[in-house]
Amino acid sequence: MGVQSASVDRQRPRRRTDRVAATGAILALAGCVALPLYALRANRIVNGTPLSLGAGGPAAWMLLALAIAAATASFSLAGKLRARVELACAVGMMGALLWALGFAAAHLAPDVTSPARVSIGAGAWVAVAGAAVVWFAAVHARPGRAWRVGALVALVVVVVAAAMWGGLGRLSIVLEYAVQGAAFWSAVWTHIALAGTSLGFAVAIGVPLGVASSRIPWVRTAVLSIVGVMQTVPSLALLGLLVVPLAALGLPGIGPLPAIIALTVYALLPIVRNTYVGLTQVDPSVVDAGRGMGMSRWQLLTRVEAPLAMPLLLEGVRAAAVMIIGIAAVVAFIGNGTLGVLVILGWGGQVDDLTLLGAVPMVLIAVAADVGLRAAGRLVTSPGIRMEVS
Amino acid sequence: MIRLEEVTKRYGETLAVDRLSLEVGEGEVCVLIGPSGCGKTTTLRMINRLIEPTSGRIMVGDRDITSVTPEELRRGLGYAIQSVGLFPHLTVAENIVTVPKLLGWEASRMQARVGELLSLVGLDATSYRGKYPRELSGGEAQRVGVARALAADPPVLLMDEPFGAVDPLNRERLQGEFARIQKELHKTVVFVTHDVDEAIRLADRIALMRDGRLQQYDTPENLLDHPASKFVHDFMGADRALKRLGRVRVDAVMRSEVPRISDGSDAVAAAQRAACTAERFSYLVDQDGRLEGWIDCRLLDRGGSAESAITHVDWRATTVRPDTSLKEALSHMLELGFRSIAVTDETGRLLGDVALAGIETTLTEGDAYSAGGPAEGGAQ
Ligand SMILES: Nc1ncnc2c1ncn2[C@@H]1O[C@H](COP(=O)(O)OP(=O)(O)O)[C@@H](O)[C@H]1O
Ligand SMILES: [Mg+2]
């Protein structure tokens, strides 16, 4: 404690720039200034013409101002105050961008019947990425729990508000969503269902395999090498290879079955490996004490080893989940209606908005899984072994 | 209470323990000692079946230990090890009730037991209950480890170098506390160490091993005075007289009638009253009896000012506790250059003192040192 505050004191006169946040802010700035935030297209499939920043109305200028503010804060402020200012700027930038997009869409393609569309430009993606980096840096600098949660809530409020009143409904990707309708939601649920089912299977198979690996040397050698090799097979190749054994069993080589098999296989490695590592890194003296006090092997596993291995195990599940949410797009090639289908159709028909309608939700699902499983990990980790006590 | 009969453990070519026969009486502390690799740990772990002997038989109570399952056996034998092995994800309280939980005690009984045990090992129950092991110092962790071993009140304690990883000052304190607890609880203890002083201080009997074989099994006194072989003699060390002092507690030779002056309000008046006593030094204490220093009366007699005759001291640095060993007290005295040293309780209240002369008497009187041994009446 004393050492920490001493070093903080020493830093105070010579403020350190928050380099990560500065990078994010400059990225967002570049997105606004150097690239088009939005593009106007005559109809659904032609390429767009870039629009100027001002097309987004007042919100666009606010976005610019917030990016500059974030950059300034990262250079000139310090400590908790800086983290909070950066966090507020990050939320503000995301909100302002949405309103600017909505404004441009509502003003340039106001007519529901006209084929003209305003779509999200490259600059907008760069700006979102920049704002996300600022957000990440700010949260890392410990603005306090209330601010962290508050920022998330504020973001949700801003997104909902922009969707309802900000003209987002006239944006090309939203129009595309309106066109796709039920097909979109079916793709979302198929995606989640395939990834979720596979993850469930992978946990059910992988955890026992990991436990067995930690107990029996030959099992470890066999399991870890087989699972490792399977991991190196490219996903499309694995789907192709699965056709043969499935056909031999009289089972279809396309559809959900091979998809679930493939996704389960990919999810296995991180789960098996992390279960194994989690169990073997338990301090041997802890195990010895437990045995010496009369715990049975099962009690030792469930009461001591499993809780100690749990954080690492869940980290494996998280990595597996994020990975197979990505691979679930690929199984669209063997007749599964995941979000991958929208991406493929979008490519085929050169409808960028359709591609985005597949890609953006995929990212959101992966982020949600990541955040959710991290939170679950914190929940099941005893404060006694938590990395940082917040 | 514990009997090993011709117990042998073989690892391939190496004989870790070779036809070891040993009997530990009820309420006795048996210390296994010997050079590293002589088979102490192996012997200890065979008693709770963490290691199965190659041959031979081990009895605990009047049961062959193979007549029950290893788990059932171990729940009746307290187990503490050098690395402690506290469960890092559980609180101090949860760690302590490990065995009671396995035995299915009621929650309220376990709660109460935690409080009892924490105060027994000298930790404040309210502030330590909810702590996690990583928040404990080495000495505190070791105390919790001992509390955990004692949790279900097992008649037998198995301890493998329990104080081996603690710094010397804390080790000395933990040994004192162990001796106090043992005096209270009368457990049958098998205690592994490689520290001769620790063995002499804590043991009723010492089993000295070498290469898996028992060299001598006897009281510390006999090991020091009548070593069975040159190896035993050399292992116990040359300073045998000094080592014996490790077995005697300060309170066994402490003089409690010491001249003392309560400082009251006026130090000068106090100093003048000190001049009346026959002794050269008078201890100076505050109203609560806490040691503040002493007065040299000879300086007063020579007409020195009261101020110059008073030495103020911090009791923490210049006194010993009643359960300190005489060896420790002697080394303190030599370090400070005193011919006597004050004895206080944990709060600094003056209880008496020990003089160099008193220690000399102990050294020459053969029987004096068994009187204040850690297990009174346990050893002859
Ligand atoms: N699992 C084992 N495999 C092979 N040899 C062992 C094993 N455990 C202990 N030994 C050997 O047995 C002997 C006694 O070991 P140990 O009881 O641990 O000694 P101590 O505790 O007295 O230092 C040593 O020579 C050690 O190398
Ligand atoms: Mg050992």
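Residues numbered from 1 in each chain as written. Chains lettered and ligands numbered in written order. Predicted model: local features only at pLDDT ≥ 70, side-chain atom pairs only at ≥ 80, totals over all residues. Heavy atoms only, no water.

**Structural notes on the domain arrangement of chain B**
Residues and elements named next belong to chain B. You can read the domains of chain B as domain 1 (2-246) and domain 2 (250-370). A C-alpha centroid distance of 37 Å is found between domain 1 and domain 2. Taken residue by residue, the interface counts eleven residues in domain 1 and eleven residues in domain 2. Carbon and sulfur atoms supply 60% of the area buried between domain 1 and domain 2, which totals about 1100 Å² over both sides. Summed over the shared surface of domain 1 and domain 2, the number is one salt bridge. Taken together, the links from domain 1 to domain 2 amount to four residue pairs in polar contact (both at pLDDT 80 or more). Secondary structure elements with two or more residues in the side of domain 1 that touches domain 2: α8 (168-185), α9 (196-202), α10 (220-225) and α12 (240-245). Top contributing element to the side of domain 1 that touches domain 2 by residue count: α12, with four residues. (Domains from an automatic or database assignment. Contact = heavy atoms within 4.5 Å. Buried area = accessible area lost by both parts, 1.4 Å probe. Salt bridge = Lys/Arg side-chain N within 4 Å of Asp/Glu carboxyl O. Polar contact = N/O pair within 3.5 Å; in protein donor to acceptor, adjacent residues only side chain to side chain. Helix = DSSP H or I, 4+ residues; strand = E, 2+ residues; numbered from the N terminus.)

**Observations concerning the site of ligand 1**
Residues and elements named next belong to chain B. The full set of residues close to ligand 1 is Y11, A16, S36, G37, C38, G39, K40, T41 and T42. Here K40 contributes a backbone N or O atom positioned 2.9 Å from an oxygen atom of ligand 1. At 2.5 Å, a side-chain N or O of T42 approaches an oxygen atom of ligand 1. Here ligand 1 loses 57% of its free accessible area of 560 Å² to cover by the protein chains. Per-element accounting of the shell around ligand 1 gives the leading share, three residues, to helix α1 (residues 40-47). Residue composition of the shell around ligand 1, by class: three nonpolar, five polar and one charged. (Near = heavy atom within 4 Å. Areas by Shrake-Rupley, 256 points an atom, 1.4 Å probe, with all protein chains shown as cover. Nonpolar A, V, L, I, M, F, W, Y, C, P; charged D, E, K, R; others polar.)

**Re the interface of chain B and chain A**
Across the contact, 22 residues belong to chain B and 22 residues belong to chain A. In this assembly, chain B and chain A are joined by nine residue pairs in polar contact (both at pLDDT 80 or more). A per-class count over the side of chain B that touches chain A returns eleven nonpolar, five polar and six charged.

**Thoughts on the pattern of salt bridges**
Residue and element names in this part refer to chain A. Inspection of the entire model under this criterion finds 28 salt bridges over all chains. D370 is the salt-bridge partner of R318, the closest N and O atoms lying 2.2 Å from each other. You can see R318 sitting in helix α13 (residues 297-330) and its partner D370 sitting in helix α15 (residues 352-380), a full 52 residues away along the chain. Here R374 and D370 are joined by a salt bridge, their closest N and O atoms 2.9 Å apart. Residue R374 and its partner D370 are located together in helix α15, separated by four residues, close to a single helical turn. For R374, a relative accessible area of 41% puts it in the partly exposed group. Under the relative-accessibility criterion, D370 is labelled buried at 15%. (Buried < 20%, exposed > 50% of the residue type's maximum accessible area, 1.4 Å probe, protein only.)

**Re the sheet that holds strand β9 (residues 205-210) of chain B**
Residues and elements named next belong to chain B. Pairing is mixed across the open sheet formed by six strands, whose spatial order is β6-β7-β8-β3-β9-β10. Every other strand in the sheet has two partners, leaving β6 (77-81) and β10 (213-218) as the edge strands with one partner each. Between one strand and the next, the sheet's axes are offset by a mean angle of 15 degrees, whatever the strand orientation. Here four bridges tie strand β3 (residues 29-33) to β9, and the two strands are oriented parallel to one another. Looking across to β9, one finds that L32 is bridged to A207. (Pairing = 2+ DSSP bridges. Axes fitted to C-alpha atoms, helices over the stretch in contact; angles between N-to-C directions.)

**Things to note about the packing of aromatic side chains**
When we look at a pair of aromatic rings, we describe it by the centre distance and by the angle of the planes. Taken as a whole and judged by the stated rule, the model has ten aromatic pairs over all chains. Members of the aromatic cluster, connected to one another through ring pairs, are A:Y177, A:F184, A:W185 and A:W189. Seen from the ring of B:W105, B:R109 lies directly overhead, with NZ or CZ sitting 3.6 Å from the centre. Over the face of the ring belonging to B:Y217 we find B:R205, whose NZ or CZ atom lies 5.5 Å from the ring centre. (Phe/Tyr/Trp six-rings, centres within 6.5 Å; stacked < 30°, edge-to-face > 60°. Lys NZ or Arg CZ within 6 Å of the ring centre and 35° of its normal.)

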